[in-house]
Amino acid sequence: MCPLGRAVAELLRDLLVTIPPGSLPAYLVERTGGNPFFVEEVVRALVEDGTLAGQARAYRLTRPLEQAGLPASVQAVLAARIDRLAAEHKPVLQSAAVIGRTFGEAVLAAWWGGRSIP
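Since this is a predicted model, take the numbers as computed values, not measurements.

## As for the packing of helix 3 (residues 36–48) against helix 4 (residues 74–83)
Where helix 3 meets helix 4, the axes come as close as 10 Å, and the angle between the chain directions of the two elements is 50°. Taken together, the axes of helix 3 and helix 4 lie oblique to each other. Crossing of helix 3 against helix 4: the hand is left-handed. Where helix 3 approaches helix 4, its residues Phe-37, Phe-38, Glu-41 and Arg-44 are matched on the opposing element by Val-74, Val-77, Leu-78 and Arg-81. Residues that form the contact of helix 3 with helix 4 fall into these classes: five nonpolar, no polar and three charged.

## What about the pairing of strand 2 (residues 58–61)?
Relative to strand 2, strand 1 (residues 52–55) runs antiparallel, the two sharing four bridges. Bridged to Ala-53 within strand 2 is Arg-60. Linking strand 1 to strand 2, which pair antiparallel, is a turn of two residues; within it Arg-57 sits at a positive phi near 70°.

## Thoughts on a nonpolar patch on the surface
Taken together, Ile-82, Leu-85 and Leu-93 make up a surface patch of nonpolar side chains, about 210 Å² in accessible area. Along the polypeptide, Leu-93 turns up in helix 5 (residues 90–99). Taking the relative accessible area as the measure of exposure, Leu-93 reaches 36% and is therefore partly exposed.

Conventions adopted
- Residues numbered from 1 in each chain as written.
- Predicted model: local features only at pLDDT ≥ 70, side-chain atom pairs only at ≥ 80, totals over all residues.
- Heavy atoms only, no water.
- Axes fitted to C-alpha atoms, helices over the stretch in contact; angles between N-to-C directions.
- Helix = DSSP H or I, 4+ residues; strand = E, 2+ residues; numbered from the N terminus.
- Parallel < 35°, antiparallel > 145°, perpendicular 65-115°, else oblique.
- Left-handed = near helix turned anticlockwise from the far one by under 90°.
- Contact = heavy atoms within 4.5 Å.
- Nonpolar A, V, L, I, M, F, W, Y, C, P; charged D, E, K, R; others polar.
- Pairing = 2+ DSSP bridges.
- Patch = residues over 30% accessible without salt bridge, like charges linked within 9 Å, V, L, I, M, F, W, Y side chains within 5 Å.
- Areas by Shrake-Rupley, 256 points an atom, 1.4 Å probe, with all protein chains shown as cover.
- Salt bridge = Lys/Arg side-chain N within 4 Å of Asp/Glu carboxyl O.
- Buried < 20%, exposed > 50% of the residue type's maximum accessible area, 1.4 Å probe, protein only.

Next up, the structure:
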């Protein structure tokens, strides 16, 4: 196993502790290209759609992985996450995206004209 595969397997052990039977680790490595952020988000998506059930760090598969509707890319993960935001939070995210990568809460508050940030 390559170092990246070992790193992802270790991440999965941390996320799942008792890895469900089957080929979940191999499936996740293949599906995510070994991107740790994407691995975590795919695990989260599997939990949210009920494919993985139980408690954090001790999940079990409830159906075949092929039946899970998983995001195809990191961009799809981010889009799905944005879609799940409450309506009042989306303008804050849009403002932050315009401001840039790095800024403090004071900058965002100033952008909002001193109004309360939801």
